[in-house]
Amino acid sequence: MVQAKSWTLKKHFEGFPTDSNFELKTTELPPLNNGEVLLEALFISVDPYMRYCLSPQFSIVVESKNPAFPAGTIVVALSGWTSHSISDGNGLRKLPAEWPDKLPLSLALGTVGMPGLTAYFGLLDICGVKGGETVMVNAAAGAVGSVVGQIAKLKGCKVVGAAGSDEKVAYLKKLGFDVAFNYKTVKSLEEALRMASPDGYDCYFDNVGGEFSNTVISQMKTFGRIAICGAISQYNRTGPCPQGIVLLNVGGMDKRKIHRYGDGVGTAVVSSQLVVVDNSPVDQKGVEETEGGAWRTSTVSLTVDMSLDPVTQTNPPFPGPPPEVVIYQQLRMEGFIVTRWQGDVRQKALTDLMNWVSEGKIQYHEYMLEGFEKMPAAFMGMLKGENLGKAIVKA
Ligand code: NDP
């Protein structure tokens, strides 16, 4: 009998994950039925989307009743945070037969796996990047971002990357990024982006979302393309929207009005702590509605309740990019999930990535923690930005 160790979700995440969200359980696996294999995890991928679904792992078949996967076969499986699992073979992916001996197998979870494919299709298909263009990518020193920047360089682009530490910035420069900056220490993100590319950006590969994206999108060139890959700045968000949408309850009366940052609705512009009425700053003691629907100061009490969406009465999403920029710059934004590309195109992309890495055209870095028990720590560390390159746990 095989004992499988598994990390389970003890309680759902509220805000940033903590140790109390996770529980380590041991279960006894049943004997194999015909057609099944027993997998043992070698490396487990640590991904931001683990908040929502299972992560892949790189496993070895230790016992088999499935002739397609004899014992000793190495596969990538969507088994999640478990040391051992049973599979009927569905969804198991073997390593490409031509995998070079000199490449670490763990790359199948990173640069030559799902994150590499995400970078490849997001940049080449969704952005449709061309040589000579300027590309911006954030979370640039991570698993996806570092590959985005390097493919863009291979295609003859100017590349600007933002990352969250000086060590990461130095790494990006080593990879050949034309400009890299630490978004946590620059005085103004807007200024840093403008200095990096005064003419603006043709392509924006967005891993972060939120206010970061609104700032980049405001600097896109005409006909710019934006690949919405991820929104890691928003994954742990709870409670009120940080800024931009506000619900005003005036004096307990039903005089509620929504003002969206910068859209020119009415005359009130609101950030999380500041109410601006008729473009003059006022304190939050009160406003009232004039007949014309504009807001101006008065003595009535004001509650700024940012927790509810006006229509759904639920927690609102982060306000999107300024619509006037999207319209007048004629931008194209598209979200995507990497699993969209299957079959031959996926195979070609993997071969390209494998060749580029083998030839030294794409470099990689792995942030590897050892020990299955480190899974929650690795996950929380990655969300905090502790990883340089692909975060992986060696089981
Ligand atoms: P990374 O290896 O890039 O790790 C996550 C990084 O995000 C951290 O290291 C940190 O780097 C950065 N980060 C965390 N919080 C913030 C924040 N508030 N603002 C800015 N940066 C932050 O992860 P992946 O490469 O695996 O994933 C990158 C993105 O791609 C994620 O959004 C993920 O969900 C998405 N994704 C989408 C896929 C798809 O099919 N659409 C597939 C795979 C990934 P730093 O120190 O620079 O802040």
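Whatever comes next refers back to the structure up there.
Description of the structure in this document. Numbering of residues starts from 1 in every chain and runs along the sequence as written. In keeping with the model being predicted, local features are shown solely for residues with a pLDDT of at least 70 and side-chain atom pairs are shown and tallied solely at 80 or more, while totals for entire chains, interfaces and linings include all residues. The side-chain numbers reported here are obtained from all heavy atoms of the structure, hydrogens and water having been left aside.

When helix H3 (residues 166–175) is considered as a whole, its buried residues turn out to be Lys168, Val169, Tyr171, Leu172 and Leu175. The buried residues of H3 all sit within an arc of 160° when viewed along its axis, so they share a single face. Residues of H3 that are exposed and point more than 90 degrees away from the buried face comprise Asp166, Glu167 and Lys174. For this analysis, residues touch if any pair of their heavy atoms sits within 4.5 Å. Secondary structure is summarised from DSSP: a helix means a run of H or I of at least four residues, a strand means a run of E of at least two, and numbering begins at the N terminus for each. Against the buried residues of H3 lie helix H2 (143–154), strand S9 (158–163) and strand S10 (179–182). Using a 1.4 Å probe on the protein chains alone, a residue whose accessible area is under 20% of its type maximum counts as buried, one over 50% counts as exposed, and one in between counts as partly exposed. The directions from the helix axis to the C-beta atoms form the arc being described.

It is worth spelling out unusual backbone geometry at this point. Residues other than glycine seldom take positive phi values, yet Ala139 does so here, at roughly 45°. Relative to the elements of secondary structure, Ala139 occurs in the loop between strand S8 (134–137) and H2. The partly exposed category is assigned to Ala139, whose relative accessible area is 32%. Non-glycine residue Phe223 carries a positive phi angle of around 65°. Relative to the helices and strands, Phe223 is located in strand S12 (residues 220–228).

Each pair of packed helices gets described by two things: the angle between the helix axes and the distance between those axes. For the pair helix H1 (residues 114–126) and H2, interaxial distance at closest approach is 8 Å and the crossing angle is 45°. When the axes of H1 and H2 are compared, the pair comes out oblique. Crossing geometry of H1 relative to H2 is assigned as right-handed. Along the contact surface, H1 presents Pro115, Gly116, Thr118, Ala119, Tyr120, Leu123 and Leu124, while H2 presents Ala143, Val144, Val147, Val148, Ile151 and Ala152. Inter-axis angles, ranging from 0 to 180 degrees, are taken between N-to-C directions of lines fitted to C-alpha atoms, where helices are fitted over the stretch in contact. When an angle is under 35 degrees it counts as roughly parallel; over 145 it counts as roughly antiparallel; between 65 and 115 it counts as roughly perpendicular; any other value is oblique. Handedness of each helix crossing follows the sense of rotation of the near helix against the far helix: counterclockwise by less than a right angle gives left-handed, clockwise gives right-handed.

Attention shifts here to the site of the ligand. For each residue, the test is whether any non-hydrogen atom lies within 4 Å of the molecule or strand; if one does, the residue is near. Looking at the ligand, there are 27 residues lining it, with Lys168, Tyr183, Tyr235, Val338 and Asn387 nearest. By the criterion applied in these results, polar contacts are pairs of N or O atoms within 3.5 Å in which, for protein atoms, one can donate a hydrogen and the other can accept it, and in which residues neighboring in sequence qualify only through two side-chain atoms. Lys168 is positioned with one of its side-chain polar atoms (N or O) 2.6 Å from an oxygen atom of the ligand. Tyr235 places a polar side-chain atom, nitrogen or oxygen, 2.7 Å from an oxygen atom of the ligand. Burial of the ligand by the protein chains amounts to 91% of its free accessible area of 920 Å². Under the scheme applied, nonpolar residues are Ala, Val, Leu, Ile, Met, Phe, Trp, Tyr, Cys and Pro; charged residues are Asp, Glu, Lys and Arg; polar residues are all the others, including Gly. The class makeup of the residues in the shell around the ligand is 17 nonpolar, nine polar and one charged. Taken together, domain 1 (2–110 + 364–394) and domain 2 (114–238 + 319–340) each give at least three residues to the shell around the ligand, which thus spans both. Method for areas: the Shrake-Rupley scheme with a 1.4 Å probe, in which residue coverage is limited to the protein chains shown. Annotation comment: domain bounds sourced from an automatic or database domain assignment.

Next up on the list: the packing of aromatic side chains. Only Phe, Tyr and Trp rings are paired, with Trp represented by its six-membered ring, and only when their centres lie within 6.5 Å; those with planes under 30 degrees apart are stacked, over 60 edge-to-face, the remainder tilted. Under the definition given, this model contains twelve aromatic pairs. Look at Phe121 and Trp341: their rings are 4.7 Å apart centre to centre, the planes differ by 0°, and that puts the pair in the stacked class. Taken together, the residues Phe121 in helix H1 and Trp341 in the loop between strand S21 (332–335) and helix H7 (343–358) connect sequence positions 220 residues apart. Among the aromatic residues, those joined into a ring-pair cluster are Tyr120, Phe121, Phe205, Phe336, Trp341 and Trp356. Whether a charge lies above a ring is judged from NZ of Lys or CZ of Arg, which has to be within 6 Å of the ring centre and within 35 degrees of the ring normal. Note that Lys94 overlies the ring of Phe69, its terminal NZ or CZ placed 5.1 Å from the centroid.

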